[in-house]
Structures are given as C-alpha cells and as structure tokens.
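Reading the structure
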Amino acid sequence: MDQVRYGIVGLGNMGSSHLKNFFAGKVPNGVVTAVCDLKQDRLDWAKAEVCKDADVAYFTDYKDLLACGKVDVVVIATPHYFHPIIGIDAFKAGLNVISEKPIGVYTKKVEEFIKAARESGKVFGLMFNQRTNPAYQKIREIVQSGELGELKRCVWIITDWYRTQAYYNSGGWRATWAGEGGGVLLNQCPHQLDLWQWIFGMPTRIRAFCHFGKYHDIEVEDDVTAYAEYANGATGVFVTTTGECPGTNRLEISGSKGKIVFENNVLKYTKLDVDEREWCFSTTEGFKKVSSTVEETKFEGSGEQHVGIFKNFTNHLLNGEPLLAPGYEGINGLSISNAMMLSTWKNDVVDLPNDGEEFWSYLQEKIKTSKVKEDVPAVVFDTEGTYGNK
C-alpha cells in the first residue's frame, strides 16, 4: 500500500470540510475515493464543486459504500447517534475507521463499538484534533512527566462556545434528545473533556449541575458546572456554556511543584523552588510562601488540527507512526459527559466508571418526549439501545 483510500460518510459541515482538505492536497498519500450522504443534493455539490472529474464513487446508503471495495478507511461525519452504528458495520466489513467526535452518545453503545473494533483487528481513530495543538501537548508532557509534582487541582472554564438561537434552529436534529443526545457537553466540549482526561487523568467521582435550555429554546443542556474527584485526592472543576459572550477559555492545573495557567494562547508556568508538601512541614514560618520562578510561552497557531489527525492516521497505516488519537480512548471523555448528565438527573454524586445501563435508561425517557423536527428521519430506539431509520 502506497496510498490510503478514504470514504466519507456524511457531507455536513465537518464532512464537507474534510473532503475539501483532501482535494486541496493537504493529506499526503491520502485520497478520497467514495462519499455518502442521505441527501442527493449534497452528493451533487461534492461532484460539481470539489471532486469534479476525480474517480469518486457516490452513495446515498452507507452500507453500499462499505461494500464498494474502493476504500480502506471510513470517515464517519454524521449526527452522533450514528457514529457507533456505522462504525460497527465498517469494522465488520473489514475496514479501518475514523469517527468524528463524540465517539457516541452513551457508553453502552460505545462499548459495542470498541468490541467490534478489537475483534476486527483494524485501526480505530477518533477526530480529537485538539491533540495536535502544541500547547496542549506541552501541558500534557509537563503533567504526565511528574514535573508538576503531586497533582492537586484542575480547573477548566470553557465558556466561549457562544451560540445563538439561529444556530440551534439550523438543523432539525440539533439540541434534541432524539436527534443529538445532548447539548454543549456532547457537541462543543468533547474536545475539552478528552483533553481534561488525556492531561490530568480520569476522575473517580463527579457531581454536576446541568441546566437545560437555560439560555436557548432547546431541550438539552446549555450550561454546566461540574466538580470532580480523583484517586490521589486531587479535585477538578469544569464549567461550560453556549450562553455567555464573550466567554472564557482558561485551563489551570496545580501541583505540589507549581502551577500551569493556559489562556489566550499563553502558557504561564510557575515553578516552585521546593515541593510545597515538603515546604509545608519543614518551614518554621507560618505565612511564608515557597519561592518560585515564572516561565511564559506564547503559542502561535493551534497545530494542524483535522488535517493533522488524517496525516497521522495515514502515516500510521503506511509507516506505523504512533496513533495520536486512538478511538478506544473516546469512551473516557464520553464517560465523564455521561456522568455529569447522570449526576444532574439523579441529583447525586456519580462514581466512575459509571453504569452505562442506568444512563441509557434515563436517556430513553428523554427521547420519548423529544421534539425532533419533521424534516429529520425519525429514529427508532429499542431496549437494546440499537436504532435505525424508519
């Protein structure tokens, strides 16, 4: 193999962007050979505006794309519920998979997705493009190396996801329990939830307060404040909303040897001269703080983002380059998201790993009263958590 053939399922905002990037030559040794969308007008657009005379197959049924023999990798860029369904079928067809975020809506189904991936022996990737950001890579390196000492606290305020009502009105599946399965946690924040656990680790307990339709006329959450606890005693706070303007994006991580603050592309790293835990019990002075030095690094740009994930995936298949965003890790951020929602619904603390069956049971009740717009294909859910179009 000297070239990797990609088939894109879903030509909405993200799928269309991926298609353009491939045809702009931004993914060396990667080529799109098939596309699929339920709407014929999206296929017509792709052929006329992007693919033109290229040898590309066009499908309205993703199962036909899986069987066409023209692709090595399936790119899933559909509404969230479809990610594991299409992915499972792709693995059964012997194909590699890259799924858009989130990996799914609920962990019960994602566990089936992961099982199918492992049984297939194929490569599984997830579009966690923020992992290509050099700032987050550097922060992770500092934390994971132990340079920051014993971890104490992680606070992420990510409230610059401002969205208007027009945004939510733009798609019939958006911001509905049946069509999308959630709001800001599932749509905007999967990247931050992934980075949170990728850098700081998985929490053991969550207590969250999700507010539904607080700032918009929607069913799902658009404002969230959550508190987390970790096995070593560290704590975390995660705050997000689509209803604040201008909003904030600030990540702060504290350890026994210092503190990191990342905001506005500037990383401020305060290094303590002595580990605080040692200083606390050795000094005879009651108020004196540990002496420290401060380093500031300005980051230009945010890495290669989506193109970087495709380049990495292509190089992994061709040359064995380590995978930056393995699909198996997608369940971690989703578990945190599910735990936040479950904590709100139960008005209680939720332990992780959380009960996938319990979350699914609560979600089913929300789906029953969901108001998906008429122009969206109705989704049929059964007690096993599978679904399909009517």
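Check the entry above for the structure.
What comes next concerns the included structure. A quick note: this is a predicted structure, and the numbers were derived from the prediction, not measured. (Residues numbered from 1 in each chain as written. Predicted model: local features only at pLDDT ≥ 70, side-chain atom pairs only at ≥ 80, totals over all residues. Heavy atoms only, no water.)

**Focus on the side chain of Ser 335**
What counts, and what does not: Strands are runs of DSSP state E lasting at least 2 residues, helices are runs of H or I lasting at least 4, and numbering of each runs from the N terminus. In this description, contact between two residues means that some pair of their heavy atoms is separated by no more than 4.5 Å.
Of note, Ser 335 is situated in helix α12 (residues 330-346). Apart from the residues within four sequence positions on either side, Ser 335 is in contact with Thr 107, Met 202, Leu 352 and Asn 354.

**Quick look at the sheet that holds strand β14 (residues 292-298)**
What counts here: Strands qualify as paired when DSSP identifies two bridges or more between them. Interaxial angles span 0 to 180 degrees and are taken between N-to-C directions of axes, which are lines fitted to C-alpha atoms, for helices over the stretch in contact.
Pairing in this open sheet of nine strands is mixed, and the strands run β14-β13-β12-β11-β7-β10-β9-β8-β15 from one edge to the other. One side of each edge strand has no neighbouring strand; the edge strands of this open sheet are β14 and β15 (350-351). One ladder, built from eight bridges, connects strand β8 (residues 205-212) with strand β9 (residues 221-229); its direction is antiparallel. In the strand pairing of β9, Ile 206 is matched with Ala 228. Here helix α9 (residues 190-200) sits on the sheet in contact with β7 (151-158), β9, β10 (235-241) and β11 (249-255), set at roughly 165° to β7.

**Focus on the layout of surface pockets**
How we decide: Put plainly, a pocket is an open set of points on a 1 Å grid over the protein atoms alone with protein on both sides within 12 Å along at least five of seven lines, a cavity is a set where a 1.4 Å probe fits but cannot get out, and a lining residue has an atom within 4 Å of a point. Grid points are joined across faces, edges and corners, and a volume is the space filled by probe spheres set on the points. Side-chain classes follow a simple rule in which Ala, Val, Leu, Ile, Met, Phe, Trp, Tyr, Cys and Pro form the nonpolar group, Asp, Glu, Lys and Arg form the charged group, and the remainder, Gly included, forms the polar group.
Its boundaries defined by the atoms lining it, the second largest pocket holds a volume of some 250 Å³. Of the residues assigned to the lining of the second largest pocket, the class counts are three nonpolar, 11 polar and two charged.

**What about the side chain of Asn 133?**
In plain terms, the rule: Nitrogen and oxygen atoms within 3.5 Å of one another constitute a polar contact, given that in protein one can donate a hydrogen and the other can accept it, and given that sequence-neighbouring residues count only through two side-chain atoms.
Structurally, Asn 133 can be placed in the loop between β6 (124-126) and α6 (134-144). A polar side-chain atom of Asn 133 sits 2.9 Å from the main-chain amide nitrogen of Ala 135. Ignoring sequence-local partners within four residues, the contact set of Asn 133 consists of Ser 302, Gly 303 and Gln 305.

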